[in-house]
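Structural features, examined
Spelled out, the chains give:
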Amino acid sequence: MFKGSFPALVTPFKNGALDVDALKHLVEWHIEQGSNGLVPMGTTGESPTVTHEEHEETIEIVVKAAAGRIPVIAGAGSNNTAESARYIAFAEKVGADAALVVTPYYNKPTQAGMIAHFTALHDNSNLPIIIYNIPGRSAVDMTPETMGELAKLPRIIGVKDATGDLARVCMQRMTCGKDFIQISGEDATAHGFNAQGGVGCISVTANVAPALCSELQAATLAGDYAKALEIQDRLMPLHKAIFTEPGLVGAKYGLSKLGLCSEEVRSPLVTLTDGTKALMDDAMRHAGLLS
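In what follows, the accompanying structure is described. (Residues numbered from 1 in each chain as written. Predicted model: local features only at pLDDT ≥ 70, side-chain atom pairs only at ≥ 80, totals over all residues. Heavy atoms only, no water.)

It is worth spelling out the sheet that holds strand S6 (residues 129-133) at this point. With parallel pairing, the seven strands of this open sheet are ordered in space as S1-S9-S8-S7-S6-S5-S4. Looking along the sheet, the strands with just one partner apiece sit at the ends: strand S1 (4-7) and strand S4 (73-75). Going from strand to strand, the sheet's axes swing by 30 degrees on average, the running direction of each strand aside. By the bridge criterion, five bridges tie S6 to strand S7 (residues 156-161) in an arrangement that is parallel. Residue pairing in the sheet places Asn 133 in a bridge with Asp 161 of S7. (Pairing = 2+ DSSP bridges. Helix = DSSP H or I, 4+ residues; strand = E, 2+ residues; numbered from the N terminus. Axes fitted to C-alpha atoms, helices over the stretch in contact; angles between N-to-C directions.)

Following this line, the structure appears as structure tokens:
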């Protein structure tokens, strides 16, 4: 179920509020474009600046709009175990297929603290959980050994790995087993990640180029890395441009160029500078997304 290209879905806004119609349209568009699943309410969904009610509304809208056609992995992370448990319980209630739970940020738990956090979430829900390990944002790094301990729990099923260290995939195969689902959290190395044993990417770029990202993933999963590299050559300038400033801001700008949502973001983020917009335009033309 959890293989291929999963856009880390943006949350469209209009005049400061959730743009429900644009969100529903994005779900339909991603399904038409060949995305293999959707991940609402991650960092790219602006989870730090939405209310609890908006978070839950977004998850419910995406699950209902997808209607079982592709899986929905609901963002449910927090540095507060009780708050994360609330999000997982809601995601389970509305029919999400799994929960994505980031390693607790800011309060910097130890490896033992992370085991306690994820064990408590596992034990209080029937929903499969995918760990999200992103040391650059959370300031903690879950070791392969800790992940191996958590992988013994039946509903801790995989990891979104955004360490950027491709050797981690092999190390986690050693500690977690070959069936543990490993999904890249870094667009620029996603093709190489799969060569190491990964099976997909939760992608920011796939917001803007879903068909190409899905084709790249399909090629790697079929073992055709020559084709995947050709696609990556088309996508690499876009990966770079999107992450020149915060990735979700670049993704929303790209979507606005395609007429799919506004580029509106919430403070403390701001819309792209003119220089980065020019980079995005050039990269989208290089990928064949703009004429």
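To continue, consider the packing of aromatic side chains. This structure, assessed with the given rule, holds zero aromatic pairs. A cation sits over an aromatic face here: Lys 160 above Tyr 132, 4.0 Å from the ring centre. A cation over an aromatic ring shows up here: Arg 266 above the ring of Phe 13, its NZ or CZ 4.3 Å from the ring centre. (Phe/Tyr/Trp six-rings, centres within 6.5 Å; stacked < 30°, edge-to-face > 60°. Lys NZ or Arg CZ within 6 Å of the ring centre and 35° of its normal.)

Next up on the list: the environment of Thr 271. Tracing the backbone shows Thr 271 in the loop between helix H11 (247-257) and helix H12 (274-286). Overall, Thr 271 belongs to the partly exposed group, its relative accessible area being 35%. When the C-alpha atoms of Thr 271 and Arg 155 are compared, they prove to be 39 Å apart, with 116 residues separating the residues in sequence. If near-sequence neighbours (up to four positions away) are discounted, Thr 271 is found in contact with Glu 245, Val 249, Glu 263 and Val 265. (Buried < 20%, exposed > 50% of the residue type's maximum accessible area, 1.4 Å probe, protein only. Contact = heavy atoms within 4.5 Å.)

What follows covers the nonpolar core. Soluble globular proteins: nonpolar side chains tend toward being buried together. One finds Ile 59, Ile 88, Val 101, Phe 118 and Ile 131 to be the most contacted residues of the largest nonpolar core, which totals 42 residues. Of all elements in the fold, only helix H1 (20-33), helix H2 (52-66), helix H3 (81-94), strand S5 (98-102), helix H4 (111-123), S6, helix H6 (144-150) and S7 reach the threshold of two or more residues within this core. In terms of residues, this core owes the most to one element, H2, which gives six residues. Dropping the residues within four chain positions of it, Ile 59 is found in contact with Pro 40, Met 41, Ala 74, Gly 75, Phe 90, Ala 91 and Val 94. The next biggest cluster of nonpolar side chains, apart from the first, holds 31 residues, and it includes Ala 206, Val 208, Leu 260 and Met 280. (Core = buried A, V, L, I, M, F, W, Y, C linked by side-chain atoms within 4.5 Å.)

So, about unusual backbone geometry. With omega at 15 degrees, the peptide bond leading from Ser 267 into Pro 268 counts as cis. Tracing the sequence through the fold places Pro 268 in the loop between H11 and H12. The phi dihedral of Asn 15 falls on the positive side, at around 55 degrees, and the residue is not glycine. By the secondary structure assignment, Asn 15 is in the loop between strand S2 (13-14) and strand S3 (17-18). When its relative accessible area of 73% is taken as the criterion, Asn 15 is described as exposed.

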